[in-house]
Amino acid sequence: MPHLLDYAATCAGFSWDAIRAELQGLPDNRGLNIAHEAVDRHADGPLGDRVALQWLGADDAVRAITYAELKALSNRFANVLRELGIGAADTVCALAGRIPELYVAALGTLKNRSVFCPLFSAFGPEPIFQRLSRGDAKLLLTSERLYRLKVHPLRDKLPKLEHVLLTDAESHPEGGLLSLPERMAAASADFVIPPTDPEDVALLHFTSGTTGMPKGALHVHGAALVHYMTGKYVMDFHPDDVFWCTADPGWVTGTSYGIIAPLMHGIRNVVDEADFDAVRWCRILAEQHVSVWYTAPTAIRRFMRMGIEPVHDYDLSRLRVLHSVGEPLNPEAVVWGVKALGLPIHDNWWQTETGGIMIANFPAMEIRPGSMGRPLPGIEAAIVRRRNDGSVEPIEAPDVQGDLALRPGWPSMFRGYLHDEERYRKCFDGGWYLTGDLARRDADGYFWFVGRADDIIKTSGHMVGPFEVESTLMEHPAVAEAGVIGKPDPLIGEMVKAFVALKPGFAPGDDLRLELIGFARKKLGSAVAPKEIDFKPDLPKNKAGKIMRRLLKARELGLPEGDLSTLEDSA
Ligand code: AMP
């Protein structure tokens with residue numbers, strides 16, 4: 001039976017204290033630590049021999065790690081950190097594929113009260129450098145290949161990076177490179193988690209902004225309350241569930257739900273190292289007896305291309321609930337879920353800053369295809385409008401578009417942008433946290449996503465900041481100006497598209513276009529680099545000289561150009 005049966009009653013009776021009471025806390029009232037709740041409390045109880053991580057290698061190797069083994073491994077990693085002088089509040093970054101070491105490192109870092117910061121391994125050297133540098137990374141866990149390709153070229157510019165632990169290599173003392181296997185073998189498997197205040201910072205997740213470089217959102221150990229609560233009410237975890245979250249831990253979903261939430265519920269968490277492949281994914285769902293599945297619209301749309309019949313070759317009878325997040329889930333995808341998998345897909349909404357799911361279609365509730373669902377118990381969401389005097393007022397009437405806002409104070413709310421207090425403050429107004437999304441709410445309280453209020457691009461479910469891409473293009477000797485937009489794409493949601501004005505002496509052409517795309521890919525990685533580049537003699541700018549991406553987008557899509565009063569005369 002679903003945990004949340006009666007939405008109104010659950011909301012009315014909800015309290016965070018009651019959720020806290022379902023967690024254990026560190027022994028002797030020493031506080032709340034995510035890794036204790038996710039691993040140790042199960043390892044030390046009847047679930048010690050249960051599989052925590054069911055890891056599937058890209059080469060079809062399989063490794064099952066029990067809660068007891070995960071406790072010992074994460075203890076060892078915490079000791080490795082301690083021996084290297086990495087302490088509370090120090091940043092530990094991980095740049096790795098979905099390998100067991102990444103999961104062990106995340107949990108060991110949390111045990112040591114250091115701050116875990118996952119980086120997406122498909123990023124190129126430039127986004128990685130930005131995040132290591134802005135995050136004050138003291139230690140990096142990575143593989144030899146990723147290190148050589150993506151970190152080594154910029155290592156000299158990272159004076160705060162003291163140690164690099166390689167998951168797959170011998171130590172090379174001359175380069176300050178250490179072998180993780182060697183260190184782990186020498187470390188003790190016993191570790192006592194130090195007292196942890198729920199307000200101690202636990203996680204650092206970078207997210208893209210419209211202006212400037214990525215922002216580091218800080219999350220605390222107390223966020224565990226939301227991870228647990230959403231695992232219960234949205235994911236509807238039950239003790240025998242097998243869960244698979246397809247997101248990479250380099251993105252917030254892959255950490256909150258790819259690591260923390262399922263382990264907090266003591267269930268079996270499937271991790272697949274390989275990238276998307278529809279046939280492989282069907283096989284995993286069937287062979288691993290996945291019962292709760294959390295994925296993203298881009299993957300579902302790729303699946304839909306495969307048609308319905310091939311999916312029916314697999315025994316997917318264990319599937320119980322399907323969830324999606326990260327970008328709008330088109331109503332056809334919900335319908336496809338029913339036809340192909342026998343179940344509808346439940347959309348939910350949240351973002352890096354919220355730390356956990358905030359709005360959802362709950363398993364026991366009517367799904368409204370195209371809607372993100374209703375706010376979680378304990379979460380107050382509203383559609384607000386900014387008045388001319390700058391203040392913010394909620395819009396009570398249904399079906400009116402406005403800014404999606406949340407009442408601050410939920411436990412997984414970000415506590416700051418690292419080194420950027422002003423940007424953090426600007427997110428709050430009139431007693432609301434403004435999410436940067438536009439939405440509307442219907443008369444029954446379901447929220448409907450309309451779009452972003454800013455220029456941020458969502459491509460394959462991943463946030464890309466146009467400024468980061470523009471800055472990289474500008475480094476090319478031929479580029480005078482660059483403007484980057486998200487162009488709607490039927491498969492990946494939005495595609496990164498750049499408009500470029502060239503310096504005198506350079507002529508537009510296919511060769512230069514390919515060169516620029518290659519240049520951007522090498523620096524940014526394929527997940528971020530533009531897929532299309534158009535040349536323009538001039539880019540439209542406002543009177544302050546800022547490129548008007550909104551206008552570039554309107555012109556590209558043949559949409560009304562809107563208010564042009566701020567346009568600089570020349571464009
Ligand atoms: P991120 O911080 O990278 O997780 O991205 C968060 C953003 O993704 C949100 O602010 C939305 O713009 C978008 N997003 C997340 N979930 C949904 C959803 N269910 N429907 C539409 N957009 C979504």
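In this text the structure is predicted, and so the values were computed from the model without any measurement. (Residues numbered from 1 in each chain as written. Predicted model: local features only at pLDDT ≥ 70, side-chain atom pairs only at ≥ 80, totals over all residues. Heavy atoms only, no water.)

It is worth spelling out the packing of helix H6 (residues 125-134) against helix H16 (residues 510-524) at this point. Their axes nearest at 4 Å, the elements H6 and H16 cross at an angle of 35°. Residue-level inspection shows Pro-125, Glu-126 and Pro-127 of H6 in contact with H16, the latter providing Lys-522, Lys-523 and Leu-524. Taken together, the residues of the contact of H6 with H16 sort by class into three nonpolar, no polar and three charged. (Axes fitted to C-alpha atoms, helices over the stretch in contact; angles between N-to-C directions. Helix = DSSP H or I, 4+ residues; strand = E, 2+ residues; numbered from the N terminus. Contact = heavy atoms within 4.5 Å. Nonpolar A, V, L, I, M, F, W, Y, C, P; charged D, E, K, R; others polar.)

The residues that UniProt annotates with the feature "domain: AMP-dependent synthetase/ligase" (unreviewed entry) are residues 43-418. Secondary structure over residues 43-418 splits into 29% helix and 24% strand, and the C-alpha atoms at its two ends are 34 Å apart. (UniProt positions renumbered as here; feature names shortened; annotations may be inferred.)

Mapped onto the present numbering, the UniProt feature "domain: AMP-binding enzyme C-terminal" (unreviewed entry) falls on residues 468-546. Secondary structure within residues 468-546 divides into 28% helix and 32% strand; the distance between the first and last C-alpha atoms comes to 15 Å.

A separate point is unusual backbone geometry. Note: most peptide bonds trans; most residues except glycine with negative phi. Non-glycine residue Arg-113 carries a positive phi angle of around 60°. Inspection of the secondary structure puts Arg-113 in the loop between helix H5 (100-111) and strand S4 (115-119). Its relative accessible area of 23% is what places Arg-113 among the partly exposed residues. (Buried < 20%, exposed > 50% of the residue type's maximum accessible area, 1.4 Å probe, protein only.)

A separate point is the environment of Gly-176. Its location among the elements puts Gly-176 in the loop between strand S6 (163-166) and strand S7 (177-179). Note on Gly-176: relative accessible area 28%, which makes it partly exposed. In this view, Gly-176 contacts Arg-155, His-163 and Val-164; residues no more than four positions away in its chain are not counted.

This paragraph deals with empty space enclosed by the protein. Gaps between atoms show up when a probe of the same size as a water molecule is rolled over them. Under the defined criterion, the tally for this structure stands at four cavities of 30 Å³ or more. The volume enclosed by the largest cavity comes to roughly 80 Å³. If you trace the largest cavity, you find it lined by Pro-118, Leu-119, Phe-120, Phe-123, Arg-131, His-205, Phe-206, Thr-207, Ser-208, Gly-250, Trp-251 and Met-463. For the lining of the largest cavity, the secondary structure elements donating two or more residues are S4 and strand S8 (201-207). Its residues assigned to classes, the lining of the largest cavity comprises seven nonpolar, four polar and one charged. (1 Å grid on protein atoms, 1.4 Å probe; cavity = no way out; pocket = protein on both sides within 12 Å on 5 of 7 lines; lining within 4 Å. Points joined across faces, edges and corners; volume = space filled by probe spheres on them.)

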